[in-house]
Amino acid sequence: MITGIGGIVLAIVKLDDFEHIQLRPGMYIGTTETPVNLLFELIDNAADECLIGKSNYMCVMMDFDLKKYVVLDKGRGIPLQAKNFKEDAPIVIATKLFSGGKFDNELYKYRSGLHGVGLVAVNALSSEMEIITIKDKKSHRRYIFHGQQVTVEDIPPQQFSTLVTFKPDPKYFDSLLIDKQIIIDRLKAIMACCNNPDLKIQLVIKENNNTEVIDIPNDVIEQFKQNCTECIEINNDDFVMYLGYKDDERSKYIMSIVNTLPIYDGTHIKMLQKIIKDYMYDKAQKNKYHIQKEDILVKMHLLCILKLSNPSFSGQTKYALNMKQEQLKDIISENKIIKALDKAQAFVTNWLKCVEEYRINLDKTRKVKKNGKGSLVVVEGLRDCTSANIEEREIFILEGESAGGTLLQCRDAAKHAVLPLTGKILNVNRASKNKFFNNKIIMRIFQAIGITPFSDDISQLRFGKIILLADADPDGEHITALLLSLFDYAAPNLIKEGKLYVALTPLFGCYYNKKFIPIFDEDTLHKFKDKNVHIYRYKGLGEMQPEELHACALNPTTRKLIKILPNEGKTTIEKILQDKKSLVSAYLL
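All of these numbers come straight from a predicted model, not from anything done at the bench. Counting starts from 1 at the beginning of each chain's written sequence and moves along it residue by residue. Local features in this predicted model are restricted to residues whose pLDDT is 70 or higher, and side-chain atom pairs enter the listing and the counts only when it is 80 or higher, whereas totals over whole chains, interfaces and linings include all residues. With hydrogens and water stripped out, all remaining heavy atoms of the structure feed into the side-chain values.

This part covers the pattern of salt bridges. Salt bridges are defined as contacts in which a side-chain nitrogen from Lys or Arg sits within 4 Å of a carboxyl oxygen from Asp or Glu. For the structure shown, the criterion picks out 23 salt bridges. Here Glu-212 ties to Lys-180 by a salt bridge, and the two come within 3.5 Å at their closest N and O atoms. With Glu-212 in strand E10 (residues 210-215) and Lys-180 in helix H6 (residues 180-194), this residue pair connects regions lying 32 residues apart in the sequence. Between buried and exposed lies partly exposed: a residue is buried under 20% and exposed over 50% of the maximum accessible area for its type, with that area taken using a 1.4 Å probe on protein chains only. Classification of Lys-180 as partly exposed rests on a relative accessible area of 33%. Two residues, Lys-286 and Asp-282, come together in a salt bridge whose shortest N-O distance is 3.2 Å. In this pair, Lys-286 and Asp-282 both sit in helix H8 (residues 267-286), four residues apart, roughly one turn of the helix. We classify Asp-282 as partly exposed; its relative accessible area is 32%. Salt bridges linked by common partners bring Asp-88, Lys-135, Arg-141 and Asp-154 together as one network. Each helix is a run of H or I in the DSSP string that is no shorter than four residues. Each strand is a run of E no shorter than two, and both are numbered from the N terminus.

Let us now look at the pairing of strand E20 (residues 508-512). Strands qualify as paired when DSSP identifies two bridges or more between them. Where E20 meets strand E21 (residues 515-519), five bridges bridge the pair, whose relative direction is antiparallel. Counted as the bridge partner of Phe-508 is Ile-519 from E21. Where E20 hands over to E21, the hairpin turn is made up of two residues, of which Asn-513 adopts a positive phi near 55°. Of the strand pairs in this sheet, E20 and strand E22 (residues 535-537) are connected by three bridges, and their pairing is antiparallel. Bridge pairing links Phe-508 to Arg-537 in E22.

It is worth spelling out the sheet that holds strand E14 (residues 261-263) at this point. Across the sheet, which stays open at both edges, the five strands sit in the order E11-E12-E15-E13-E14 with mixed pairing between neighbours. Of all the strands in the sheet, just strand E11 (230-236) and E14 have a single pairing partner and so form its edges. For this sheet, the mean angle separating the axes of adjacent strands, direction not counted, is 15°. Alignment of E11 against strand E12 (residues 239-245), held across seven bridges, turns out to be antiparallel. Looking at the pairing, Glu-233 lines up with Tyr-242 of E12. Of the strands in this sheet, E12, strand E13 (253-258), E14 and strand E15 (300-306) are in contact with H8, which crosses E15 at around 130°. Axis lines are fitted through C-alpha atoms, for helices just across the contact stretch, and the angle between N-to-C directions can take any value from 0 to 180 degrees. We call two residues in contact whenever any of their non-hydrogen atoms come within 4.5 Å of each other.

In terms of backbone geometry, most residues other than glycine have negative phi values and most peptide bonds are trans. A positive phi angle, close to 55°, is found at Lys-67, a residue other than glycine. Topologically, Lys-67 is positioned in the loop between strand E3 (57-63) and strand E4 (68-73). Overall, the relative accessible area of 31% leaves Lys-67 in the partly exposed class.

This part is about H8. For H8, spanning 20 residues, the distance from its first C-alpha to its last is 29 Å, which sits close to the expected 28 Å at 1.5 Å a residue. Among the residues of H8, those classed as buried are Thr-267, His-268, Ile-269, Met-271, Leu-272, Gln-273, Ile-275, Ile-276, Lys-277, Tyr-279, Met-280 and Ala-284. At the exit of H8 stands Lys-288, carrying a positive phi of roughly 60°. The span expected for a helix works out to 1.5 Å for each residue beyond the first.

In short, the description is geometric, and any link to function would need to be established separately.
Have a look at this one:
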């Protein structure tokens, strides 16, 4: 106990590694909805053996009956001896944070396991974990962990080099069931990155006393090519890029695989987008195409595969590549990309014609007479629409620039206005009128929609619908609640006249007959699960591709708008939250 100024007593608590992981699991594994990131940690280790050519076989087993997961490979095994430690190496890497053999390039030129955290987190968040690895030619060694307690025994030789099994502890997760399609996609990325014709990866599913064995195909690249109108390949040893475009409107798609990890954001993506955009726009200007620079990326499809000897990722879950551009310039060579594009001028020309057609069509929608309430207004952050028909005009109020940028790519500029909000939204129930009128976010909202706060007169309203759009997570729900409170407090007549809506953000979606279908209810979910259609899980609007967000928010036939009625806002939101919880449960069954 420490006593400070004013007699305040501070209790200092020292937690060991396991206690801290168990108290704050999200710091180490991201989501605790399911133990998927624990399984990813084991998959990463086996994948590293495949990536450097030391293993030609890998298997993942998901036992849904026993709630148990297994990963094995036929690589070199885990060395038993650990420098500077008396214990065997498997005990060290499973019980001591920031220990491991991947902090230099001695054992692995390329690797995805980096931080010395993963196996300890798996152990700490499991009721039981087992490691079996090669001891010598005559035997293997088994380690059975119950937390930091371990039992060691030698066993006869096995047909694999390393096998790791864990049973996630239910007290740390909402559900112990992992979506098999997520694992299939992860294993496909390993196949694509290794690109080894001798590599075999299998997924074994045990459920309801039945066993299903899935051979993972190496089809990521081929499926990408099939989804492009035209595509070229640019190869530079440890960097391969497949660049294409699709003539369907609003079809931007970006994916990368870095050391077998699917990565959708980061330094490399920003570098590639800039190189491609600068090159294509320069060609467009020289050949007098009628396009704007940002139009280039609207049609772009990009898949890149990188092998890096010392990568750095954002966070333990490695959701983005986080490196300085100087570290990547030798691998992502701007000169080689430009030379490859120079040799593919027919491809470049066709792409630019496709983009020009998009720009011409967009400009046509903007040649609308603007007068009265339908005229454009200048408000910070607002991307206004052009239609003079008030009833068909819609404004989407949403949090963040990322989702706002995606929405701009797929909107109809005549009908859809977009107002992304940045910064903290004021809780009007706790604020004075002075704070209300000094809040920039609130003032931008009312300037954009064209009415005065606390006025009964809404005759100057500039839109037929005001639509609130937020992520399908607790933060998004909180933002929606704050905005509903704002309009109920300062513009109740909008609600009385039926002008305020909440766009229901789907947790799930799927592609069927080449069209994206958002899934809002259990019946639809079960319908497509029964058809064995791949179901995508979404945690935020920023994860969606433009055509997916278009179906969820803009398309009148596929979106789901909830009209907010007087005194029913809270009840409506509570019902939505209950439906979402029920939907997640149905998805995991």
